[in-house]
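Observations on the model geometry
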Amino acid sequence: QDRFDIVHSHVEAPGFLFARYAQVPVVSTLHGRLDIDFMPQLLEEFSDVPLVAISDSQRRWAPDANWVATIHHGLPLEEMPVNAGQTGDYLLFLGRAVEAKGIGEAIDVATQVEMPLQIVAKVNTPEEVACFEEVVKPALARGRIEFQGELAPDERDPLLAGALATLMLGAWPEPFGLVAIESLGTGTPVIARRAGALPEIIEHGVDGFLIDDVTEARLAVEKVRDLDRARIRERAVKRFSASRMVDDYEALFRRLVAERAPAQKSQ
């Protein structure tokens, strides 16, 4: 606190106690769900700690918390590759190999529309291993489903750019959804369940489609070729660039520092 005008914390609730007693402003960006792991009680207790949400959906379970901003994530999407050729002939799942992320639903949709599905996912934890053995492995034997494992960005990003659509069909309430903006940054539309923050990222019929079940997802696959991929990328870069995120945070930092200065003088 003697070296900085403001501290930006990303360590969730464990940083709240330090934030309360710091002599400089401490703003905490919360990245996870707020309905589990004692977060409702902690947010009530530490109502003096300034908080940033990463989506409006995330903060809905604590509307009275000390929110000072909602700032969507940003990434250097300008550097993402774009498929300049024809629309891809495969669907893509990118994420952890857990059922909550909708990997089973992605397999079901790809099977029903008779399209190849590329799965890019890590399989490390016991939950991920169990999901791979029970859900993914049987599908591989049926053909059309390919498992790529984890890929570095130089391999993953062209695969994103070449897909017909990225599938995010899990019911888990994403506090944000980085996979979605990575996909949109390549111009690839996202077909996503209407859950968590995804409706804040995807405009239905523009950036992709918001669905409520597998039947709607199948219809979305039929319609997704009609979307303007150049417009999808343009919108993503404008809304979710790293520079936009930094500008939002810098404006917030300046405001919090300015608000603290009069209080310190009065002491």
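Attention here is on the structure that accompanies the text. No experiment lies behind these values; they were computed from the predicted model shown.

Looking at the nonpolar core
Side chains of nonpolar character tend, in soluble globular proteins, to be buried together. In terms of nonpolar packing, the biggest core is built from 56 residues, with Leu91, Leu117, Ile119, Leu167, Ile191 and Ile201 touching the most fellow members. The dominant element in this core, judged by the number of residues it contributes, is helix H4 (residues 103-112), at five residues. For Ile201, the residues in contact, after removing those within four places along its chain, are Phe176, Gly177, Ala180, Ile181, Leu184, Asp207, Arg239 and Phe240. Grouped together as the second largest cluster of nonpolar side chains are 16 residues, Ala22, Leu30, Met39 and Leu51 included.

Details of the pattern of salt bridges
Under the counting rule described, the total for this entry stands at 14 salt bridges. Between Asp48 and Arg20 there is a salt bridge, and its shortest N-O distance comes to 3.1 Å. Here Asp48 is found in the loop between helix H2 (39-45) and strand S3 (51-53), whereas its partner Arg20 is found in helix H1 (residues 16-21), with 28 residues between them in sequence. Note on Asp48: relative accessible area 39%, which makes it partly exposed.

A look at helix H7 (residues 178-185)
Counting buried positions along H7 yields seven of eight residues, so the element is predominantly enclosed. Of the positions making up H7, those classed as buried are Val179, Ala180, Ile181, Glu182, Ser183, Leu184 and Gly185. Looking at the buried side of H7, the elements it contacts are strand S5 (91-96), helix H6 (153-162), strand S8 (165-168), strand S9 (190-193), helix H8 (198-201) and helix H10 (229-240). Just downstream of H7 lies Gly187, where phi reads positive at about 90°.

A short note on the pairing of strand S6 (residues 117-122)
Burial runs high along S6: five of the six residues are buried. With six bridges joining them, S5 and S6 adopt parallel strand pairing. The partner of Leu92 across the bridge, within S6, is Gln118. The β-α-β motif built from S5, the intervening H4 and the parallel element S6 has right-handed crossover chirality. Where S6 meets strand S7 (residues 145-149), four bridges bridge the pair, whose relative direction is parallel.

Some words on the sheet that holds strand S2 (residues 26-29)
Pairing in this open sheet of four strands is parallel, and the strands run S1-S2-S3-S4 from one edge to the other. Two strands in the sheet have a free side with no partner beyond their single neighbour: strand S1 (7-9) and strand S4 (67-70). Each neighbouring strand pair of the sheet contributes to a mean axis angle of 25°, computed without reference to strand direction.

Describing the environment of Leu169
With respect to the element layout, Leu169 can be found in the loop between S8 and H7. Residue classification places Leu169 among the buried residues on the basis of a relative accessible area of 1%. Taking the C-alpha atoms as reference, Leu169 lies 8.0 Å from Ile211; in sequence the two are 42 residues apart. Ignoring any residue separated from it by four or fewer positions in sequence, one finds Leu169 in contact with Lys101, Gly102, Glu105, Ala106, Val109, Ile191, Ala192, Arg193, Ile211 and Ala217.

Considerations on the sheet that holds strand S10 (residues 208-211)
Read from one edge of the open sheet, six strands run S7-S6-S5-S8-S9-S10, paired in parallel fashion. Bordering the open sheet on either side are S7 and S10, each of which pairs with just one other strand. Adjacent strand axes in the sheet meet at a mean angle of 20°, parallel and antiparallel pairs treated alike. As judged from the three bridges shared by S8 and S9, these two strands associate in the parallel manner. What sits directly across from Met168, in S9, is Ala192. Packing of helix H5 (residues 126-140) onto the sheet brings it into contact with S5, S6 and S7, and relative to S7 it is tilted by some 145°. On the sheet, H7 packs against S5, S8 and S9 and is oriented at approximately 170° with respect to S8.

Side note on the packing of H4 against helix H9 (residues 214-223)
H9 packs onto H4 with a crossing angle of 50° between their chain directions and a minimal axis gap of 10 Å. By the angle class used here, H4 and H9 are oblique. Between H4 and H9 lies a crossing whose hand is right-handed. Contact with H4, carried on its side by Glu105, Val109 and Gln112, involves Val214, Ala217, Arg218 and Val221 of H9 and no other residues of that element.

Parameters at a glance
- Residues numbered from 1 in each chain as written.
- Predicted model: local features only at pLDDT ≥ 70, side-chain atom pairs only at ≥ 80, totals over all residues.
- Heavy atoms only, no water.
- Core = buried A, V, L, I, M, F, W, Y, C linked by side-chain atoms within 4.5 Å.
- Buried < 20%, exposed > 50% of the residue type's maximum accessible area, 1.4 Å probe, protein only.
- Helix = DSSP H or I, 4+ residues; strand = E, 2+ residues; numbered from the N terminus.
- Contact = heavy atoms within 4.5 Å.
- Salt bridge = Lys/Arg side-chain N within 4 Å of Asp/Glu carboxyl O.
- Pairing = 2+ DSSP bridges.
- Right-handed = clockwise from strand over helix to strand, strands pointing away.
- Axes fitted to C-alpha atoms, helices over the stretch in contact; angles between N-to-C directions.
- Parallel < 35°, antiparallel > 145°, perpendicular 65-115°, else oblique.
- Left-handed = near helix turned anticlockwise from the far one by under 90°.

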